[in-house]
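Working through the structure, step by step
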Amino acid sequence: LELVRGKRIVQSWRSVELAAGDKDSKLTITLKPVAGGTKVTLLHSSIPDSQKNGGFKDGWFESYLNPMKAYFAKMAKKPKAKR
């Protein structure tokens, strides 16, 4: 839906938990430089009423944010390749 390089990604989001008649939800990811890295803010909005208590928040941490954090921490420790 929107891409501002290095700053923001806005996209429609659909998971298998949504009913066929449910509209897509909206995912906004904001990137902000901070000392030592980047602050990532994720806003999941327009979630259908049938899914408001569906555990999306826990799912984001378990399936996406915690694995990404671990991956980037691991990559930060690797020696940089010479060009």
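Refer to the structure presented above.
Description of the structure in this document. (Residues numbered from 1 in each chain as written. Predicted model: local features only at pLDDT ≥ 70, side-chain atom pairs only at ≥ 80, totals over all residues. Heavy atoms only, no water.)

1. Concerning the environment of A19
With respect to the secondary-structure elements, A19 resides in the loop between strand 2 (8-13) and strand 3 (25-34). Residue class for A19 comes out partly exposed when judged on its relative accessible area of 40%. Considered as a pair, A19 and S50 are 31 residues apart in the sequence and their alpha carbons are 8.5 Å apart. (Helix = DSSP H or I, 4+ residues; strand = E, 2+ residues; numbered from the N terminus. Buried < 20%, exposed > 50% of the residue type's maximum accessible area, 1.4 Å probe, protein only.)

2. Examining unusual backbone geometry
Unusually for a residue other than glycine, S46 sits at a positive phi of about 55°. Of note, S46 is situated in the loop between strand 4 (37-45) and helix 1 (56-77). Judged by relative accessible area, S46 falls into the exposed class, the value being 52%.

3. Things to note about the sheet that holds strand 2
The antiparallel open sheet is built from four strands, whose spatial order is 1-2-3-4. If you trace the sheet from one side to the other, it starts and ends with strand 1 (2-4) and strand 4, each paired once. Averaged over all neighbouring strand pairs, the angle between strand axes comes to 20°, with direction disregarded. Here six bridges tie strand 2 to strand 3, and the two strands are oriented antiparallel to one another. Counted as the bridge partner of V10 is T28 from strand 3. Across the sheet, helix 1 is in contact with strand 2, strand 3 and strand 4; its angle to strand 4 comes to roughly 145°. (Pairing = 2+ DSSP bridges. Axes fitted to C-alpha atoms, helices over the stretch in contact; angles between N-to-C directions. Contact = heavy atoms within 4.5 Å.)

4. Observations concerning a nonpolar patch on the surface
A contiguous nonpolar patch, built from Y64, M68, Y71, F72 and M75 and spanning about 500 Å² of accessible area, is present on the exposed surface. The exposure class of Y64 is partly exposed, given its relative accessible area of 38%. (Patch = residues over 30% accessible without salt bridge, like charges linked within 9 Å, V, L, I, M, F, W, Y side chains within 5 Å. Areas by Shrake-Rupley, 256 points an atom, 1.4 Å probe, with all protein chains shown as cover. Salt bridge = Lys/Arg side-chain N within 4 Å of Asp/Glu carboxyl O.)

5. So, helix 1
For helix 1, which comprises 22 residues, the first-to-last C-alpha distance of 31 Å matches the rise-based estimate of 32 Å (1.5 Å per residue) to within 8%. At E62, helix 1 is deflected by roughly 35°, the largest bend along its length. (Expected span 1.5 Å × (residues − 1). Bend = angle between axes of the 7 residues up to and from the residue.)

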